[in-house]
Amino acid sequence: MNENLAEFEDLVQMLLIPNNEKRGIAEEQYSKYLNQDPDSCLKYLLSMINFSENPQVVSLSLVLLRRNIVSEFNPYWFKCSEETQNILKESLFEEYPKQKQFYFKKLIADLLISIDRKSLLNKENNTEEFLIYLFKAIENNSELELQAFMYIIREMCIYNPHILLSKIEELSKLFSNCLSSEVNLGIRSFTTNTVCGFIPLLSNEMQEEYNILVPSMVEVIWALIENGDQDLAENCLKSLIQLATITIKPFKKQTNLILEYMLKINENGKENENENENRNKNENEKENENYEIEIDLSLKLLAVELLITFFETASGVVVETEGFLTKLVQCSIQLLTNIDESSIIDDFEFDNNTNLTFINEELSCVSKGESILKRITMQLGGELILKDIFNLIPDLLGSEFWNYRFAGLSTLESISEGCRKAILPELETVLQLVLPLLSDSHFRVCYQAINTIEQFSTDYYPYLQNDYPNLILPELIKLFDYDSYLIKANVCACLTRFLQKIEKPKIIIEIVPNIMDNLLKLFANTDYYSQGKEEIIIQGQAISTIAAMSIAITKSFLIYYPRVIKLMKRVLKEATSKEQRLLCGKAIDCVAIIGRATGHENFENDALEVMQIMIHAQENSDINSDDPKLPYILRAWEQIAVVLEERFVPYLEVLMPLVWQQVCQEIDLIVVDKFDKSSQEELIGRQVIEFGDKIIGYRAAVLKSIGKALKLCLSLVQILGHHFVQYVDKTLEIILPLTSCIYDHKIRYYCSSLIPELFHSIIDAVELKTVNNLEKNVLDEFFAESLKVICRAVIQERKQDLLSSQLLAISDLVDYYGNEGINNSNITSIIEVLENEIKDSVHRREQFVQKTIEGEKYIDESGLNGDSILRQNLQEENEIFQAIYQIINSLSKESYHVFYPHFQKAILPYVSELLKLNNSPINSQNSFYALSSMILHCETNHFQLYWEIIKENGIQWLQQTQHMDVVQAAAYTLGVCAQRAENDQSFKKDATEIANLLIQSLQSISELQIQSKIGFDDDLDIVLAKDHLISSLGKICYYHSKSIPFSELAPVWLQSLPLEQETDEVEWNIKQLIKYIIENNVFILGENNQNLSKIFQIFAFSIQHDLVNKEVEDLIVKLFQQFKNEYQSNQIESLIMDFNQELKEVFIEFWKGL
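Each value, and the rule that gives it
Residues numbered from 1 in each chain as written. Predicted model: local features only at pLDDT ≥ 70, side-chain atom pairs only at ≥ 80, totals over all residues. Heavy atoms only, no water. Helix = DSSP H or I, 4+ residues; strand = E, 2+ residues; numbered from the N terminus. Buried < 20%, exposed > 50% of the residue type's maximum accessible area, 1.4 Å probe, protein only. Contact = heavy atoms within 4.5 Å. Areas by Shrake-Rupley, 256 points an atom, 1.4 Å probe, with all protein chains shown as cover. Expected span 1.5 Å × (residues − 1). Axes fitted to C-alpha atoms, helices over the stretch in contact; angles between N-to-C directions. Parallel < 35°, antiparallel > 145°, perpendicular 65-115°, else oblique. Nonpolar A, V, L, I, M, F, W, Y, C, P; charged D, E, K, R; others polar. Left-handed = near helix turned anticlockwise from the far one by under 90°. Polar contact = N/O pair within 3.5 Å; in protein donor to acceptor, adjacent residues only side chain to side chain. Salt bridge = Lys/Arg side-chain N within 4 Å of Asp/Glu carboxyl O. Phe/Tyr/Trp six-rings, centres within 6.5 Å; stacked < 30°, edge-to-face > 60°. Lys NZ or Arg CZ within 6 Å of the ring centre and 35° of its normal. pLDDT = per-residue confidence, 0-100.

> Tell me about the overall build of the protein chain, and name the residues and values.
A count of helices and strands for the protein chain gives 55 helices and five strands. Taken across its 1154 residues, the protein chain has 56% of its residues classed as buried. Across the protein chain, every contact between residues at least 6 apart in sequence was considered, and the portion connecting residues at least 24 apart equals 74%. When the accessible surface of the protein chain is split by element, carbon and sulfur atoms take 46% of a total near 51,800 Å².

This is how it looks when you write it as structure tokens:
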């Protein structure tokens, strides 16, 4: 036996050697032995614990044992006999207490925990048995046993939490004891980490009770720092941060304590005199009462991260804690000043996009400071903190110390987006503070001033571009003379951002020649065959700026076109080295952008030459997914296709095989066991996702390039339409499997979006007869298969922001094929999707609201802006519901007779429930729209079913004024009912009641607006609600005039006009008004035509605001030509005398043009 063990030990030692060839032979022998005799192999692995004196052999043996027992990819445990399983289990129990090294105790504990987690034993619960044993083992207060115990409990919090919940009382008592200051510091640190993992398992009430342990845990961190164990202190801080992101309940009563300790850590460990007295320090350590501990930067930054995490999780608590927010802001600004003079030039690098980035480690302080300010202001807005910050900014920017000037600029850049609303009125004042620093003598200050202007270009668009170009651009142009390639490149980046947001080219047209001259000078006398890094960086940014300029001034760029195109072609032909790939990519992109901006008549000949270069690059070079040139090439194809349109079609023959090749790249996956730490080294350099017990590693660059190729394909189909038809089959074959790609949501998005567009291409080709012999059954199969794939993708999808696009793809498919492809077979798939998504969406919405009840309470009490995550989630759910409504609309329009039975059985019960007043307003709004689609297309005998549902809920929603979006939807649906029920007796009986209710709702909204007793999220919701209320009243008057007191209601409708926004409803109302006038309806015209002034006002307003189409405008013109023949000029003047001046001018101009 010992001889066999010795041989096995030699084999394990061979697995450890660095020589690849010898290790490969050993791996082959080990694998062969494991497969032939797993029982003996696993026993030998465990026996190494006692047999081998080499700790590396013991460690690897335990790792291999765990891999073979737990891993789904090596399930040798199941190949072992029951006898072997029991021997291994009992041996592990015996070995655990024998081990005197924490590392080996940990490995054995991992094995026992994992066995239970995977339910590999068919007998008693192994971990519970093990846990009971552990409690006994720590009765002697052995430090090793306690440390191992805390480690195991922490692991069980992740993998076996159900076992721990039965031991809450015992664990709570143990945690409290182990955090006592009398206990060994190592045990206290282990306990801190474990408690942070344990608290989230508890109920909300019990989590709050754990606040009594927070002071002890924070004190542990400080004690570790004082003891020099900063690595352990970091681990404890990370655990607290992780806990704070999950729940804030244990921390609520300890806000001041957390603030005190974290600031103390960040301020380099300075303590005041009283605190020193309270510390049990030797006299020689207290010679200086204010001693200082040297604390690692990483630890300081973690302390600040805990504060900002705490703020984000419970901003209301923080705001109410005196001094917390102010100190957090001061702390962040102090971090921004933490830069020294070293490595001024060498600490920059140029990334693959548009930004220059500091890479010196010291700038992690700057990044953290900027991050804090951004996160605070994005959460709160500017109202609560801007005053404090603005009190500091002038002194910072005016300081004699360059790092304080830098900090002031970084502060302005960081708060810019979150404080937009508050800063905007003071924008000119802020610019007057920033612009002088563009000429600062210190490189970093100048660089940061450029960054700040660049950020302002985004955050204060369009005001910055419209109002201050003559203030900003001349100052930036001066920096082209700065003696630094980095400053020049950053100026180009800033100009690019500024120009991308230009709305009015005339504002900058006078300064354009100066900008273009300076940009083109950067390319003078360049030898691309020996070009250095500095020139590549500057010219890369300059090319982006030139492209942005062409978009900003469009046709005015034509005077620069010949010179720029010639320059770009030279770059493409001569800049061929590996270092110049990005430069070449930007040049390709620039050519395409300029071509699109200036028009094909100037670009077509040059495009042909550039496309040949692009094809050559894709076919013959070593271009791969990591090549920075690739994204630009793919985007350039899209831009050129937009310009050339059908003239681009001949190039598809060459381009599409390249696109398909790009999409079909190997993703290069690596799959490892989640719990096998040793094998996870293979994942280095890869993105990872967890999938059950697996970790899947993949090359992000490959997925990104596949996504860009799919995006190009989608654009080409949309641009070229039926011209793309001959490439549909191959494209569809490639993308269908990718609709369920779990590794990248963009790939799923583009594939789902592509499918209906490909189908549309075929339909257009059939209608235009550009394809021959395409049988209907082929289209049916295409439709059915595409629908099946998308429906499956929707059901599998768990990413909210992607669901709506996938649902819209279903709607598009139905729209494109109409009634031809819908049958009971494939509609079942759609119904399953609708039913699942309605239920899931409602459930998710309830969860979001439930999770943020406390946050919402703080928002209400503190007047904060709200939870941005909640708003985003609810917005995504709204988009999902709107997409569901679109599908229902498409099916009811195209295939009502097939859809109705399924809708009535599976969907209508949900929709009816969601209409009720006690439901989410968004759900009710979309449910009204869903039913309105069904009503518009329903069969006559189905109307009464819908009407009973709409009547009950519509009346209730119209009687409240808190949710204008739902009032709008309810009013619209009532109007649809009025129109659809022209001959329905059930509606006619209710018509007067509904009309009066519409009038009451209109009056209530008007009164509330006047009295300002209610705040609305958006005035547009009010306008649209009023428009639909008025229009629905008009429809009742028109379609049910004999069933209502028309003489009373019609004048109310007239006086409520004009509609202000909803163009479809405007056109219907104007048409009916014209009919009434032509019919000389006395209730509309009034006695002696006394309502003509109001009627003229309605028509003039609709024309003034472009609310009617050409057809309706022609009807108005025809009507007014009759008026012109009947009325004198002085009569017309008297009719419009009460119009406001602007409306009067519009009417007079219109009248003269008749």
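More follows now that the structure is in view.
> Outline helix α13 (residues 214–226), supporting the account with residue identities and numerical values.
The α-helix winds at 3.6 residues per turn, so residues separated by three or four positions along the chain end up facing the same way. When the terminal C-alpha atoms of α13 are compared, their 19 Å separation across 13 residues agrees well with the 18 Å that a helix rising 1.5 Å per residue should span. Of all the positions in α13, only Val214, Met217, Val218, Val220, Ile221, Trp222, Ala223, Leu224 and Ile225 are classed as buried. Residues of α13 that are buried make contact with α11 (185–198), α14 (230–246), α15 (255–266) and α17 (297–313). Directly beyond the C-terminal end of α13, a positive phi value near 85 degrees is found at Gly228.

> Go over the packing of helix α34 (residues 629–644) against helix α36 (residues 700–720), please, and point to the residues and values.
Taken N-terminus to C-terminus, the directions of α34 and α36 make an angle of 5 degrees; their axes are 10 Å apart at the nearest point. With respect to their mutual orientation, α34 and α36 come out roughly parallel. On α36, the residues that touch Leu630, Pro631, Leu634, Trp637, Glu638, Ala641 and Val642 of α34 are Ser705, Lys708, Ala709, Lys711, Leu712, Ser715, Leu716 and Ile719. Grouping the amino acids of the contact of α34 with α36 by side-chain chemistry returns 10 nonpolar, two polar and three charged.

> Which residues make up the packing of helix α38 (residues 745–767) against helix α39 (residues 776–796), and what values do they have?
At a closest axis distance of 10 Å, the pairing of α38 and α39 adopts a crossing angle of 165 degrees. Between α38 and α39, the interaxial angle falls into the category roughly antiparallel. The chirality of how α38 crosses α39 is left-handed. Two secondary-structure elements touch here, α38 through Ser752, Ile755, Pro756, Leu758, Phe759, Ile762, Ile763 and Val766 and α39 through Leu779, Phe782, Phe783, Ser786, Val789 and Ile790.

> Describe helix α44 (residues 921–937), listing the residues and the values that go with them.
Counted at 1.5 Å a residue, the expected span for α44 with its 17 residues is 24 Å, and the 25 Å between its end C-alpha atoms agrees. Among the 17 residues that make up α44, 14 are buried, leaving the element largely enclosed by the rest of the structure.

> Pulling in residues and values, what's your account of the side chain of Ser189?
Within the fold, Ser189 resides in helix α11. On the accessibility criterion, Ser189 (2% relative accessible area) is buried. Among the polar contacts listed, one links the side chain of Ser189 to the backbone oxygen of Gly186, at a separation of 2.7 Å. Excluding its chain neighbours within four sequence positions, the residues that come into contact with Ser189 are Val220, Leu224, Leu232 and Cys236.

> Summarise the pattern of salt bridges; cite the residues concerned and give the values.
Pairs can form between side chains of opposite charge whenever their charged atoms are close. In total, this model carries 22 salt bridges according to the counting rule given. Between Glu475 and Lys478 there is a salt bridge, and its shortest N-O distance comes to 3.2 Å. Placement of both Glu475 and Lys478 in helix α27 (residues 469–478) is noted, with a separation of three residues, approximately one turn of the helix. Judged by relative accessible area, which is 53%, Lys478 ranks as exposed. Across the salt bridge formed by Glu797 and Arg748, the nearest N and O atoms sit 2.6 Å from each other. Residue Glu797 is found in the loop between α39 and α40 (800–817), and its partner Arg748 is found in helix α38; the two are separated by 49 residues along the sequence. Take Glu797 and Arg748: they sit in the same class, and that class is buried. Within the structure, one salt-bridge network assembled from shared partners comprises Glu305, Glu312, Lys368 and Arg375.

> Quick one: what's the story with unusual backbone geometry, residue by residue and with numbers?
What is expected of a backbone is that most residues other than glycine have negative phi and most peptide bonds are trans. Geometrically, the link from Tyr461 to Pro462 is a cis peptide bond, its omega value of 0 degrees lying close to zero. Mapping Pro462 onto the fold places it in the loop between α25 (443–459) and α26 (463–467). In this structure, Asn525 is a non-glycine residue whose phi angle is positive, near 60 degrees. For Asn525, the location among the structural elements is in the loop between α29 (512–521) and α30 (533–553). Non-glycine residue Asn1080 carries a positive phi angle of around 55 degrees. Take Asn1080: it is sitting in the loop between α50 (1063–1078) and α51 (1082–1085).

> Residue-level account of the packing of aromatic side chains, with values.
Scanning the model with the defined rule gives 48 aromatic pairs in all. Chaining the aromatic ring pairs together yields one cluster made of Phe1096, Phe1099, Phe1120, Phe1123, Tyr1127, Phe1139, Phe1147, Phe1150 and Trp1151. For the cation-ring pair, Lys264 lies above Trp222, with the distance from its terminal atom to the ring centre recorded as 4.5 Å. Note that Lys264 overlies the ring of Tyr261, its terminal NZ or CZ placed 4.2 Å from the centroid.

> Describe the confidence of the model for the protein chain, listing the residues and the values that go with them.
Residues at a pLDDT of 70 or more form 88% of the protein chain, whose mean pLDDT is 83. Low pLDDT (under 50) marks residues 269–291, which in the prediction has 37 contacts with non-local residues, meaning those over four places away or in another chain. Below a pLDDT of 50 lies the segment residues 853–866, which in the model reaches 25 contacts outside its immediate sequence neighbourhood of four places, other chains included.

> How would you explain the environment of Asn1091 if you had to name every residue and give the values?
Examined against the element boundaries, Asn1091 turns out to sit in the loop between α51 and α52 (1092–1104). In the structure, Asn1091 is positioned 37 residues away from Leu1054 in sequence and 8.8 Å away in space, judged by C-alpha atoms.

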